[in-house]
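Topology and contacts: notes
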Amino acid sequence: MLDQTNRARSIEALAPRADFPILARPIHDRPLIYLDSTATSQKPATVLDAMDSYYRQTNANVHRGAYTLSEEASEQYEQARRHIARFIHAHSWREIIFTRNTTEGINLLAWTWGLSQLKARDTILLTEMEHHSNLVPWQILAQRTGAQLAFVPVREDGRLDLDAYRQLLETHMPKLVAFSLMSNVLGTIPPARLMVELAHAAGATVFCDGAQSVAHLPTDVRDLDCDALAFSGHKMLGPTGIGVLYGKRALLEALPPFMGGGDMIGEVQLHTFTPNALPWKFEAGTPAIAEVIGLAAALSYLEHLEMARVAAHETALVDYMLARLSAIPGLRIIGPTDAVDRGAVVSFTLAELHPHDLATLLDRDGIAIRAGHHCAQPLMERFAVPATARASAYVYTNAAEIDALGVAIERARRLFL
Amino acid sequence: MDDLYREYILEHYRQPHNKGDLEHPDRFAAYANPLCGDRIQMGVRLEGDCVVEVRFNGSGCAISQASASMLTDRMCEATLEELAAITKDDIFEMLGVSISPARQRCALLAWEVLRKGILGQPEEDDDEAS
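Residues numbered from 1 in each chain as written. Chains lettered and ligands numbered in written order. Predicted model: local features only at pLDDT ≥ 70, side-chain atom pairs only at ≥ 80, totals over all residues. Heavy atoms only, no water.

Digging into the overall build of chain B
Counting its regular elements, chain B contains five helices and three strands. Relative to its length of 130 residues, chain B is compact, with a C-alpha radius of gyration of 14 Å against a globular reference of 14 Å. Taken over the C-alpha atoms alone, chain B extends approximately 40 × 40 × 25 Å along its principal axes. Evaluated residue by residue, chain B yields a buried proportion of 47% over its 130 residues. Total accessible area on chain B is roughly 6700 Å²; 45% of this is exposed by carbon and sulfur atoms. If you average the places of the 13 positive and of the 25 negative side-chain charges in chain B, the two averages end up 5 Å apart. (Helix = DSSP H or I, 4+ residues; strand = E, 2+ residues; numbered from the N terminus. Rg over C-alpha atoms; globule rule 2.2 N^0.38 Å. Buried < 20%, exposed > 50% of the residue type's maximum accessible area, 1.4 Å probe, protein only. Areas by Shrake-Rupley, 256 points an atom, 1.4 Å probe, with all protein chains shown as cover. Lys, Arg positive; Asp, Glu negative; His and termini not counted. Charge placed at Lys NZ, Arg CZ, Asp CG, Glu CD.)

Given below as structure tokens:
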């Protein structure tokens, strides 16, 4: 046990911390210990520089500009799309649609695929551990179409009940199965490949919420075989305001457009229009060009680290977090207590102490954790807690920060309890 | 040791005053803040328009619970008219610590129960101009 602890203490950050300018900022005269990467990640200087350089050197609107700046901006914008396609192993760059974030990608699917494919009494199968963004759009769709929702239960250990999943597939024959590839609360990484395979065998279309997973695990949509996947740039070292919806080409081709406007059209007459080809069919209006370029820089940074090493780093860290936190009396971990198939996000409660008090107190020590329902109120109810505290790690996190977290929680415990 | 969690705040949190349930309250109200899960319920017994007994129950953060403890202290033997005159700023003054914007709803939950639930005052227009 002691050996294990000593080994864990030697976990250094995977990324050089000096690459992240914000980590040098003191908070309340203490070094910042940022443990809220599940909400949003910090940004390396290369991402900030890429965006700055775009605005200083290249700024122009994309597409159809026959001058140097616009050609360069279009080139960088479309190269970023190809880069993302490679990063997630899509068949084609045409399968990559830029959105604002994961939420917009899911809404796009709900309003195009959902409204055109679903009818009354069809089933949408979700899980109990979904973020509100992979729940509420489907609730709205269900209200519109008369479709019904069903949910794969989460077991007490924070894993999905796969026996129940098989049964639900059989009894409901859902039209759509939508689930997160990594829970933002529990850290649970479900057996996605198996789940996709089972869903397809039952005749369902499958959407995967990659908001957490794409930032932390290698992603291969061809291997996973999901029909669509959405993720956000800001959780993977990139800027806010840019997200990606991947969809299999045949699926996207068959969909009606989502928002109307410039860029999404082929030809426009006063009374009619023809939609543009993929992927622009779904990109109405001037896109977030600087953010797309920033996201490409973030991908380069992650590729340099190697996603397999990112995942291994986080497995080691969460193993240490689980051991360190569960040693604190009264601390209850909500989610799997072993590091297998688990992201480096740990939600917990500390006896009767409200998570907001804990988060406020930790902030005085320069430690940023999140407290609340983490956009997963039904999951809070599932575990009968009003809210949890949540600490999460990323490429710049090291074991010393986890130690500091543990010490600060122990101090809070003495103060309040 | 801390600006927010002064010892008297923690005292009220650890050993709240007026905590419990009234068997036959003349007025009763319960509110929750769904965002953080703070809950406060409050019952009062009246003689005429004077509060003769008040009890609150609930769960939540130290700020919300200490605020309920301190506010119910103040409610004892006050008239409804006096209670209606209590403002948001009075609550912040009563707490005596600086409440960040993120924690204001916690601090004001008990007051909301009193104002809207017990006294039946209308929803306050929250659209401050600047």
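Quick word on unusual backbone geometry
Along the chain, leucine 278 of chain A connects to proline 279 of chain A via a cis peptide bond; the corresponding omega equals 0°. In the Ramachandran plot, asparagine 18 of chain B falls in the positive-phi region, its phi being about 60° despite a non-glycine side chain. Mapped onto the elements of the fold, asparagine 18 of chain B is located in the loop between helix H1 (7-14) and strand S1 (27-33).

Description of the pattern of salt bridges
Applying the stated criterion across every chain yields a total of 28 salt bridges over all chains. In this structure, the salt-bridge partner of aspartate 122 of chain A is lysine 175 of chain A, at a minimum N-O distance of 3.1 Å. Residue aspartate 122 of chain A is located in the loop between helix H4 (102-117) and strand S5 (123-127), and its partner lysine 175 of chain A is located in the loop between helix H6 (162-172) and strand S7 (176-180); the two are separated by 53 residues in the primary sequence. Taking relative accessible area as the criterion, lysine 175 of chain A reaches 30% and is therefore assigned partly exposed. Between glutamate 112 of chain B and arginine 115 of chain B there is a salt bridge whose closest N-O contact spans 3.1 Å. (Salt bridge = Lys/Arg side-chain N within 4 Å of Asp/Glu carboxyl O.)

Comments concerning the pairing of S1 of chain B
Residues and elements named next belong to chain B. Looking at chain direction, S1 and strand S2 (residues 38-47) are connected through seven bridges and run antiparallel. Bridge pairing links alanine 29 to methionine 42 in S2. Joining the antiparallel neighbours S1 and S2 is a turn of four residues, in which glycine 37 adopts a positive phi near 85°. (Pairing = 2+ DSSP bridges.)

Here's the deal with the domain arrangement of chain A
Residue and element names in this part refer to chain A. By domain assignment, chain A separates into domain 1 (2-31 + 307-416) and domain 2 (48-304). Here domain 1 and domain 2 have C-alpha centroids that lie 29 Å from each other. Listed per partner, the contact involves 36 residues of domain 1 and 32 residues of domain 2. Here domain 1 and domain 2 share three salt bridges between them. Notably, a salt bridge pairs arginine 382 with glutamate 128, separated by 3.7 Å at the nearest N-O pair. In this assembly, domain 1 and domain 2 are joined by 18 residue pairs in polar contact (both at pLDDT 80 or more). (Domains from an automatic or database assignment. Contact = heavy atoms within 4.5 Å. Polar contact = N/O pair within 3.5 Å; in protein donor to acceptor, adjacent residues only side chain to side chain.)

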